[in-house]
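Chain by chain, the residues:
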Amino acid sequence: MPDASASPVPPTSSTPSTSPASPGPAAASAASAPTAASAPTAPSAPTAPSALPVPPTPPVPLSALLAREDLALRRIAGPADPDTVIHWAHTSEMADPYPYLLGGELLLTAGVHVPEAAGPAGDPADPARSLRAYFDGYVSRIVAAGGAALGFGVAPVHDTVPDALVEACDAQGLPLIEVPPETTFSGVARAVWQLMAQARLAELRRVTEAQQSLAAAAARPDPVPSVLRRLAQRVAGRAVLYGPEGAELAGSGRALDPPVARALAGLAAVVRPGGAQDPAPSSASDTVGGCHLAAYALGGGRGFVLGVAAPHRDPGDHTIASVAAVLLSLLTGEQQSGSGAARSAALVRLLLGAAPETVAPLLGGDRWTVVHARPTADGPAPDTVAASALGTALGSALIDAGGDVVRVLVPGGHEPAAQPGWTCGVSAPVGPHEWALADTQAARALARARATRTALVRHAERPALADLVPPADARAHARALLAPIAGTPALTETLRTWLSLHGSWDRTAVALAVHRNTVRQRVARCATLLGADLDDADVRMELWFALREG
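*Asks:* Got a minute to help me understand the packing of aromatic side chains in this structure?
*Replies:* Within a pair of aromatic rings, the relevant descriptors are the distance that separates the centres and the angle that separates the planes. Under the counting rule described, the total for this entry stands at four aromatic pairs. Between Tyr-134 and Tyr-138 the ring centres are 6.3 Å apart and the planes differ by 10 degrees, which places this aromatic pair in the stacked class. Taken together, the residues Tyr-134 and Tyr-138, both in helix H3 (residues 131-144) and four residues apart, mark about one turn of the helix. Owing to a relative accessible area of 0%, Tyr-134 belongs among the buried residues under this scheme. Positioned over the ring face of Tyr-98 is Arg-141, at 4.2 Å from the centre of the ring.

Below, the structure written as structure tokens:
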């Protein structure tokens, strides 16, 4: 039997308090217990509801509540919309519940407030006492307040749900739920709270898993595309990184229709610093063509924007996108030892003929390390975003991403470490007047790292014999010596690997992922083309020197 007492409310929601304009306790009591001498009239026509706050808890699908076999609830009127959700359950026997509703409720009533004097068919001579008119006004007030559904308890007041109430709910599109005698209102409210708790737990689990996968993506060799790819997978849509000028730098996920793509780019312009709004908002959202759009300004104020488009918006999507925005802010941001203005001044002074040692203080130090890096995997040359991420990991914003090799000038206070997905060569720490020498050292170290399949090789502290040969002369000699095989990369790579592994056929085959007989054939072909005896240690040494410089 449904109880008429106030039902428990989830901790995350709040019971609306009585405002000065609302009926006081005495009026509430009178309204909830009508007498024959004073039957309540039909509620007045609804007025436009004010904007309501969004509840902090995930909504519960009405279908999930109806699926609870222990409650035995049954929809008997109104639309069977699978998207109908409820934010809380509330019990009221008020003839006009409008002032006490926040929107999104499952309103539970036993019908104590329903007038009986009018009779089941109503009295045409007195419309105020007509049940049909009464229920039309009652349901309209619930709909105007934003109520999600109405639950009517059968017994002890009414043996069945009044037909006039069923007709009113059908007419006004309000789901009407029959609550059987054995189900209490407090049991319904407790079930709503349980479903909310389950939904909240599922949301937190989803957000946590997304955070972990996004963090793992940020640690990959191609962090920016990886983060965008994971984000697009999580929201089942598309994620785009826009540059300061509005161009799409990278994107992942399902392609967008042109109108939706233009709308997303326009939304990105809204949050970009220096746009039409000053100050620009940190995020903005919109819906175009049934697609939910969101844009997030990345930190640092450099104009990068994350755009997200998804066919639907699930709880936790905003949090997941915000995590991705933070990671992309770190990946695209500048970890710099001096300001942008200082770097600009240093560049101008160098172009105008200043000595490196005079501009080095503007860049952050008097001891520097040069790092040359190439992606470990074969593929296209690294883009500027990947190079920026590498510079961030190494602790420097002084990056040259031209060509196949990324060069980073690292302040002496940072010790370059191996980076996942990169093969690196590191120079010895030098002063600004030796930057050119450090660049050569890093290039040689990278050549050794690639030849030995090592993630990071540092320039030896003690001088080597190769350091005694001028770099230009060394490169010229290498080109001349290796000219017969220079046009066949497979031969030069095989010879380099074979020499670095001390002539081991098996280890070379494993390193190159080819058959050992293929290695033998390639090395024999090199010997023929070079006209050299590869069993001679002096020949091997000279070829190794040439391959390092080539």
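*Asks:* Would you explain the pattern of salt bridges in this entry?
*Replies:* Side-chain pairs of opposite charge can arise whenever the charged atoms involved come near each other. In total, this model carries 13 salt bridges according to the counting rule given. For Arg-238, the salt bridge is made with Glu-248, and the minimal N-O distance between the two is 3.1 Å. Within this pair, whereas Arg-238 is found in strand S8 (residues 238-242), its partner Glu-248 is found in strand S9 (residues 248-253), the two being separated by 10 residues in sequence. You can call Arg-238 buried: its relative accessible area is 14%.

*Asks:* Can you walk me through the sheet that holds strand S14 (residues 399-400) in this structure?
*Replies:* Pairing between the strands of a sheet is mediated by backbone hydrogen bonds and can be parallel or antiparallel. Reading across the sheet, the five strands line up as S14-S15-S13-S16-S17 and stay open at both edges, with mixed pairing between neighbours. Looking at which strands have only one partner, the edges of the open sheet turn out to be S14 and strand S17 (456-458). Alignment of strand S16 (residues 422-426) against S17, held across three bridges, turns out to be parallel. Paired with Cys-424 across the bridge in S17 is Leu-456. The strands touched by helix H11 (residues 384-394) within the sheet are strand S13 (368-375), S14, strand S15 (406-411) and S16, with S15 carrying the most contacts at an inclination of about 25 degrees. Against the sheet, helix H12 (residues 435-451) makes contact with S13, S15, S16 and S17, and its axis sits at roughly 35 degrees relative to S13, the strand it touches most.

*Asks:* Sorry, what's going on with the environment of Val-157 here?
*Replies:* Mapped onto the elements, Val-157 comes out in the loop between strand S6 (149-153) and helix H4 (163-172). Accessibility expressed as a relative area gives 35% for Val-157, which makes it partly exposed. Spatially, the C-alpha atom of Val-157 lies 6.5 Å from that of Val-112, the residues being 45 residues apart in sequence. Not counting residues up to four positions away in its chain, the partners in contact with Val-157 are Ala-110, Gly-111 and Val-112.

*Asks:* Can you walk me through the sheet that holds S6 in this structure?
*Replies:* Across the sheet, five strands lie side by side as S2-S7-S6-S5-S4; this open sheet has mixed pairing. The sheet is open, and its two edges are formed by strand S2 (74-77) and strand S4 (88-91), each paired on a single side. In this sheet, neighbouring strand axes are inclined to one another by 30 degrees on average, regardless of whether the strands run parallel or antiparallel. Summarising the sheet, S6 and strand S7 (residues 176-179) pair through four bridges and their orientation is parallel. Across the sheet, residue Phe-152 finds its bridge partner in S7, namely Glu-178. Strands S4, strand S5 (105-109), S6 and S7 of the sheet are contacted by helix H5 (residues 185-218), whose axis makes an angle of about 165 degrees with S4.

Parameters and conventions
- Residues numbered from 1 in each chain as written.
- Predicted model: local features only at pLDDT ≥ 70, side-chain atom pairs only at ≥ 80, totals over all residues.
- Heavy atoms only, no water.
- Phe/Tyr/Trp six-rings, centres within 6.5 Å; stacked < 30°, edge-to-face > 60°.
- Helix = DSSP H or I, 4+ residues; strand = E, 2+ residues; numbered from the N terminus.
- Buried < 20%, exposed > 50% of the residue type's maximum accessible area, 1.4 Å probe, protein only.
- Lys NZ or Arg CZ within 6 Å of the ring centre and 35° of its normal.
- Salt bridge = Lys/Arg side-chain N within 4 Å of Asp/Glu carboxyl O.
- Pairing = 2+ DSSP bridges.
- Contact = heavy atoms within 4.5 Å.
- Axes fitted to C-alpha atoms, helices over the stretch in contact; angles between N-to-C directions.

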